[in-house]
Amino acid sequence: MEPVCVFDAHCDTISRCWREYEGLDCNSGALSLKRTAGFGRYCQFFALWTADGYTGYPIGGDSVERAYHALLRCFKDQMACNSDKIVQCRTVEEARHAHSHGRSAAFLSVEGAELLGCDPHRLDEAAAEGVVAINLTWNHANVLSGAHNDDPERGLSSLGRRFVEKMEELHILVDVSHLSEAGFWDVAEMARRPFMASHSNAKSVWNHTRNLTDGQINAIIKNQGVIGLNFYTGFVGGSQNLDMVRAHLDHILALGGTANIALGGDWDGCDLISELPAIDSLPKLYEHLLHHGYSEAVVQDLFYNNLMRVVSQR
């Protein structure tokens, strides 16, 4: 089999490198450049993320500011240390250029807008640093919106709407994973560009607040956005194996999402299902899908092409 091409929409590896003082090239986590060396073309969204209990000081005030800049420095340092293997990219064209020179492509995202103070004016700074996508919330509500499990009936505030408008002006992808359902529908109503759910599954398959309803999936399809399949045990549910992952995929495909499904492994962010413990196990999923009758084209779209399209159209 030819080397598998991978574009994954979410990992927490930079936060892990920061906390554990490990490098991106070789580490004890689920994602390293040593693990991805066997892929063909490889692109990865690296999220900057932290929360209370992980920073070493309470979230709030300027501690968030310090955490954001520390994480950003960690990302930039890892890009510099491994510049022969991976390069930060802002566009599909830059990613293709990296591939042509034998390097992987790193796209930067922010998980939880409180890392930017929930301030639309900070988005210019983020865009200048190469941030390509932002989750409006993590697992707690903020001044922009409710979250999936905290104030879930609250949608976008007026500030949240300005934040989304500014993101679209700057061609930063709006990421609705973790967002309240009310906030999701506000984004869907106002979005003028494709948006994504970087690491969420199908709620009809496994009923979790982090998974998407059929209505939400249909809205992302209508918007020409993308959904990244998440391999966290709690979101996969059921038997927590490749067949269960396939059940989520089948459900999204049945709703018409062939062009709207991608990978969003959540590497280094949670307990992953036993058959996908690290990113270098992805070829097992690729072969599993081919064995169960999926066409090569559908699997390649899932693994790489669909997310490339959305990044190009943001």
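All figures in this text were calculated on a predicted structure; none of them were measured in a lab.

(A) Up close: helix H12 (residues 296–313). Taking 1.5 Å per residue as the helical rise, H12 with its 18 residues ought to reach 26 Å, and the 24 Å between its terminal C-alpha atoms agrees with that figure. For H12, the complete set of buried residues consists of Val-299, Leu-302, Phe-303, Tyr-304, Asn-306, Leu-307, Met-308, Val-310 and Val-311.

(B) Up close: the packing of aromatic side chains. By the definition in use, this model includes 12 aromatic pairs. An angle of 80° between the planes, with centres 5.7 Å apart, marks the rings of Phe-184 and Phe-195 as edge-to-face. Note that Phe-184 is positioned in helix H7 (residues 181–190) and Phe-195 in the loop between H7 and strand E7 (196–197), a separation of 11 residues in sequence. The same class applies to Phe-184 as to Phe-195, namely buried.

(C) Expanded view of unusual backbone geometry. In this structure, His-178 is a non-glycine residue whose phi angle is positive, near 85°. With respect to the helices and strands, His-178 occurs in the loop between strand E6 (173–175) and H7. Judged by its relative accessible area of 6%, His-178 is buried. Despite not being glycine, Asp-268 has its phi angle at roughly 65°, a positive value. Here Asp-268 lies in the loop between strand E9 (261–263) and helix H11 (282–291).

(D) Layout of the nonpolar core. By size, the foremost hydrophobic cluster in this structure holds 83 residues, and its most contacted members are Ile-134, Leu-136, Phe-231, Leu-282, Leu-285 and Phe-303. Sort the elements by how many residues they give to this core and helix H3 (residues 62–81) lands first, with nine residues. Among the nonpolar cores identified, the runner-up in size contains 22 residues, and Cys-89, Leu-173, Met-196 and Val-311 belong to it.

(E) Highlighting the pairing of strand E2 (residues 42–48). In terms of burial, E2 is a largely internal element, seven of the seven residues being buried. With burial as the criterion, each face of E2 is covered, one bearing Tyr-42, Gln-44, Phe-46 and Leu-48 and the other bearing Cys-43, Phe-45 and Ala-47. Where E2 and strand E4 (residues 104–111) come together, six bridges link them in parallel fashion. Its bridge partner lying in E4, Gln-44 is registered against Ala-106.

(F) Expanded view of the pairing of strand E1 (residues 6–11). Counting buried positions along E1 gives six out of six residues, so the element sits mostly inside the fold. As judged from the four bridges shared by E1 and E2, these two strands associate in the parallel manner. If you follow Asp-8 over to E2, its bridge partner there is Gln-44.

Calculation criteria
Residues numbered from 1 in each chain as written. Predicted model: local features only at pLDDT ≥ 70, side-chain atom pairs only at ≥ 80, totals over all residues. Heavy atoms only, no water. Helix = DSSP H or I, 4+ residues; strand = E, 2+ residues; numbered from the N terminus. Expected span 1.5 Å × (residues − 1). Buried < 20%, exposed > 50% of the residue type's maximum accessible area, 1.4 Å probe, protein only. Phe/Tyr/Trp six-rings, centres within 6.5 Å; stacked < 30°, edge-to-face > 60°. Core = buried A, V, L, I, M, F, W, Y, C linked by side-chain atoms within 4.5 Å. Pairing = 2+ DSSP bridges.

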